[in-house]
Amino acid sequence: MRHITFWVFQMSVVLGVIFMSVAIFGELQLPTQAREISANQEVLARSTYSFAATAEPIDSNEVLARVNSQRILAGLASLQANAELEQIAQQRADDMQREAYYAHQSPVTGEQFSDILRQKQVGYRSACENLDMTFYTQTDAIVEDWLQSNAGHRECLLAPYASQAGYAVSSMKLDGNQIAYIVVAIHLSE
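Rules used in this analysis
Residues numbered from 1 in each chain as written. Predicted model: local features only at pLDDT ≥ 70, side-chain atom pairs only at ≥ 80, totals over all residues. Heavy atoms only, no water. Pairing = 2+ DSSP bridges. Helix = DSSP H or I, 4+ residues; strand = E, 2+ residues; numbered from the N terminus. Contact = heavy atoms within 4.5 Å. Axes fitted to C-alpha atoms, helices over the stretch in contact; angles between N-to-C directions. Buried < 20%, exposed > 50% of the residue type's maximum accessible area, 1.4 Å probe, protein only. Disulfide = S-S within 2.5 Å. Salt bridge = Lys/Arg side-chain N within 4 Å of Asp/Glu carboxyl O.

*Asks:* For this particular structure, what's the right way to read the sheet that holds strand β2 (residues 126–134)?
*Replies:* Within a beta sheet, neighbouring strands are joined by backbone hydrogen bonds and run either parallel or antiparallel to one another. Ordered by their spatial adjacency, four strands build an open sheet running β1-β3-β4-β2, and the pairing between neighbours is mixed. With one partner strand each, in any of the chains shown, β1 (80–81) and β2 form the two edges of the open sheet. Judged from the two bridges that link them, β1 and strand β3 (residues 164–173) form a sheet pairing that is parallel. When the bridges of β3 are listed, alanine 81 appears paired with alanine 165. Relative to β3, helix α3 (residues 60–73) is tilted by about 135°, and along the sheet it contacts β1, β3 and β4 (179–189). Seen against the sheet, helix α6 (residues 139–148) touches β2, β3 and β4 and runs at an angle of roughly 120° to β2.

*Asks:* What's the story with α6 in this structure? I'm lost.
*Replies:* Spacing of three or four residues puts side chains on the same side of an α-helix, whose turn is 3.6 residues. For α6, every residue scored as buried is listed here: Thr139, Ile142, Val143, Asp145, Trp146 and Leu147. Close packing links the buried residues of α6 with α3, β2, α7 (153–157), β3 and β4.

*Asks:* Before we go on, may I ask you to explain the state of the cysteines in this structure?
*Replies:* Put plainly, a disulfide is one covalent bond tying together the sulfur atoms of two cysteines. Going through the model one piece at a time under the given rule, you end up with one disulfide. Covalent S-S linkage joins cysteine 128 and cysteine 156, the inter-sulfur distance amounting to 2.1 Å. Where cysteine 128 bonds to cysteine 156 through sulfur, the torsion about that S-S bond is close to 85°, and the disulfide is right-handed. One end of the pair, cysteine 128, is in strand β2; the other, cysteine 156, is in helix α7, and 28 residues separate them in sequence.

*Asks:* Teacher, can you tell me more about the pattern of salt bridges here?
*Replies:* Pairing is possible between side chains that carry opposite charge, provided their charged atoms lie close to one another. What the rule picks out here adds up to five salt bridges. Among the ionic pairs, arginine 98 bridges to aspartate 95, the shortest N-O distance being 3.1 Å. Taken together, the residues arginine 98 and aspartate 95, both in helix α4 (residues 83–99) and three residues apart, mark about one turn of the helix. Classification of arginine 98 as exposed rests on a relative accessible area of 53%.

Okay, here's the thing in structure tokens:
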């Protein structure tokens, strides 16, 4: 009888969690544009859908500083800010904002960051790109999204070969005056 009671209790807990999750996600109504962007994603770092209380922008230099702190903790060299990579990252972030998508490849042009690197004749041995779409402005949370991601973001952030970086942020107003931020990080080795 104890085994049956135990299993009934366990199943009740599991079903309760499932029903509660469905109820919460059913009640969670992201603004229309945010749902469209999330639906078009290719790689999405784990994100918390809570909205920024203020309209203060995210400082891309602060994100790079947080990434460098993590790299130092991992025994890696800091990434050096590269103005040309920053321009390319900003071009990518602005394109996602303007065309209302969130992906490593543009659904409009088919371009990826590596295509832009080739067009601008940026020489490199290895390169990677991290994206994060976030509704908050805490830079630690953005870096933590990448560290916790199982989609290659951690590997890009902690790539031992990377020496140069370009970081950029673009923001967009959503329904109800809420703000979403798209963060683009490009790392490469020369």
